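# Understanding the architecture of this molecule
In case you want the letters, here they are:
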Amino acid sequence: MNEDFMQRALRLAECGRGRTSPNPMVGAVLVQRGRIVGEGFHPRAGAPHAEAFALERAGPAARGATLYVNLEPCCHFGRTPPCTRALIAAGVAEVHMAMLDPNPLVAGRGRAELAAAGIRTVVGEHRAEAETLNECFVHWITTGRPFVIAKFGMSLDGKIATRRGEARWITGPEARQQVHQLRDEVDAILVGVDTVIADDPQLTTRLEKDDVHHPLRVILDSRGRLPFHARVLDSTLPGRTLVATTEAMPADRRRALRAQGAEVLVLPAHAGRVSLPHLLAALGQRQVTSLLVEGGGTVLGSFFSEGLVNKVWAFIAPLIIGGHAAPTPVGGMGVERLAEALRLERVQWRQLGADLLICGYPTRTQSARAQVEAVRARRSRDVLASAAQRD
């Protein structure tokens, strides 16, 4: 029965997907003598936590009850009071938590506070599921950078467009609908300026529902080539646009972009392009916990080569495009040996209409991982040096 109640808490937590950032998704179930007496989930940042809803619905029945929650209850004051104090005051007898909260403000302190009050605590039921559910939050709170999802759609022979640049539509309507669902769940979406010039996308979420979330649009434009008539600069579009650039963008173009309502963020350059580690650090400071990278090939190649991709969403359409000049989804130099190739683990497959969606988490061989770590270490030194200069 324990597993059933924790699974119920995980399902409740899912109800807040795409709406709780920068907070995690949390569901809570209060059980008294094998019967659910109260439950709830965290609907959005600033709203009461899942435990508060469960306690309110349980009322007096919470005394002596057992709580099942997918994340350790908070023990600090934020926008809402500590859940641990509410649980202690309500007389809850036992708390089962799938995982401890990696937030340094909690990190086991919530469990310790409950135990000190005489409440029995149990940790670990469905831990893997709980960690996957809040993978974006866990990555952001522990690294200070958003969880990066690389997304691309390609033909069966690995092309994202014809040799003349025609790319609409390689995948079918079901796959495109799934992409909009993903946009509805992430904090930000990123493309390079070449993609804007070639496709003029809106980068909005188009779903037939009332509560639609439009992620922050991030455009990489190192030198100032973003057309002023681009749709991402249309002030009538929902959502906001941030142009990440370098000192190479002329000051008058920066002023013009800001006049059109875009935010312009000037970052250090690496090899003439926006430094991606600096960008991720800046987004993380803005509480962007998840970033969807949609392309193009040069941008995706840079994210992959620097080891900055946390998850891959690859849509494969059953068509053959062919041609040496037809672009592929991941550019850059690539690896020299298959042993150095990035592989996906924990792979999941799903059919969407005629297309196939493959999701997984990148992993590398030891030698390739060492190369990436060397790049990261060099970038980290650059970031620290820049910060020291600013101080």
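Note: the structure precedes this text.
First, a word on what this report is: a plain description of the structure on this page. (Residues numbered from 1 in each chain as written. Predicted model: local features only at pLDDT ≥ 70, side-chain atom pairs only at ≥ 80, totals over all residues. Heavy atoms only, no water.)

### Brief notes about the sheet that holds strand β3 (residues 66–69)
Taken together, the five strands give an open sheet; going across it, the order is β2-β1-β3-β4-β5, and neighbouring strands pair in mixed fashion. On the outer flanks of this sheet lie β2 (35–41) and β5 (120–123), each paired with one strand and no other. The mean angle between the axes of side-by-side strands here comes to 15 degrees, regardless of whether they run parallel or antiparallel. The pairing of β3 with strand β4 (residues 94–97) spans four bridges and is parallel. From the neighbouring strand, Y68 faces β4, where its bridge partner is H96. Sitting on the sheet, helix α2 (residues 50–58) touches β1 (27–32), β2 and β3, and the angle it makes with β2 is about 140 degrees. Packing against the sheet, helix α4 (residues 109–116) makes contact with β4 and β5, and its axis sits at approximately 150 degrees to β5. (Pairing = 2+ DSSP bridges. Helix = DSSP H or I, 4+ residues; strand = E, 2+ residues; numbered from the N terminus. Axes fitted to C-alpha atoms, helices over the stretch in contact; angles between N-to-C directions. Contact = heavy atoms within 4.5 Å.)

### Describing the pattern of salt bridges
On inspection of all chains with the given rule, the structure shows 14 salt bridges. The partner of D200 in a salt bridge is R231, with the nearest N and O atoms 3.7 Å apart. A residue pair is termed long-range when its members are at least 10 positions apart, and D200 in the loop between α8 (193–199) and β8 (216–220) and R231 in the loop between β8 and β9 (241–245) qualify at 31 residues. Taken together, the shared-partner salt bridges in this structure form one network comprising R19, D184, K209 and D211. (Salt bridge = Lys/Arg side-chain N within 4 Å of Asp/Glu carboxyl O.)

### Here we look at helix α6 (residues 135–143)
Inspection of α6 places E135, F137, H139 and W140 among the buried residues, and these make up the whole buried set. Where α6 is buried, its residues contact α5 (127–133), β6 (147–155), α10 (276–285), β14 (311–317) and β16 (355–363). Positive phi shows up at G144, right after α6, with a value of about 80 degrees. (Buried < 20%, exposed > 50% of the residue type's maximum accessible area, 1.4 Å probe, protein only.)

### Quick look at α2
The complete set of buried residues in α2 reads A50, E51, F53, A54, L55 and A58. Those residues of α2 hidden inside the fold are in contact with β1, β2, β3 and α3 (83–90). In the segment just after α2, G59 is the residue with positive phi, at about 60 degrees.

### What about the sheet that holds strand β13 (residues 290–295)?
Strand-to-strand pairing in sheets goes through backbone hydrogen bonds, with the strands running parallel or antiparallel. Pairing in this open sheet of nine strands is mixed, and the strands run β10-β9-β8-β7-β13-β6-β14-β16-β15 from one edge to the other. This sheet does not close on itself; its edge strands, each paired only once, are β10 (263–266) and β15 (343–352). Neighbouring strand axes in the sheet, compared pairwise and without regard to direction, differ in orientation by 20 degrees on average. As paired strands, β8 and β9 are joined by four bridges and run parallel to one another. Across the sheet, L220 pairs through a bridge with A244, a residue of β9. Along the sheet face, α6 touches β6, β13, β14 and β16 and points at about 130 degrees away from the line of β6.

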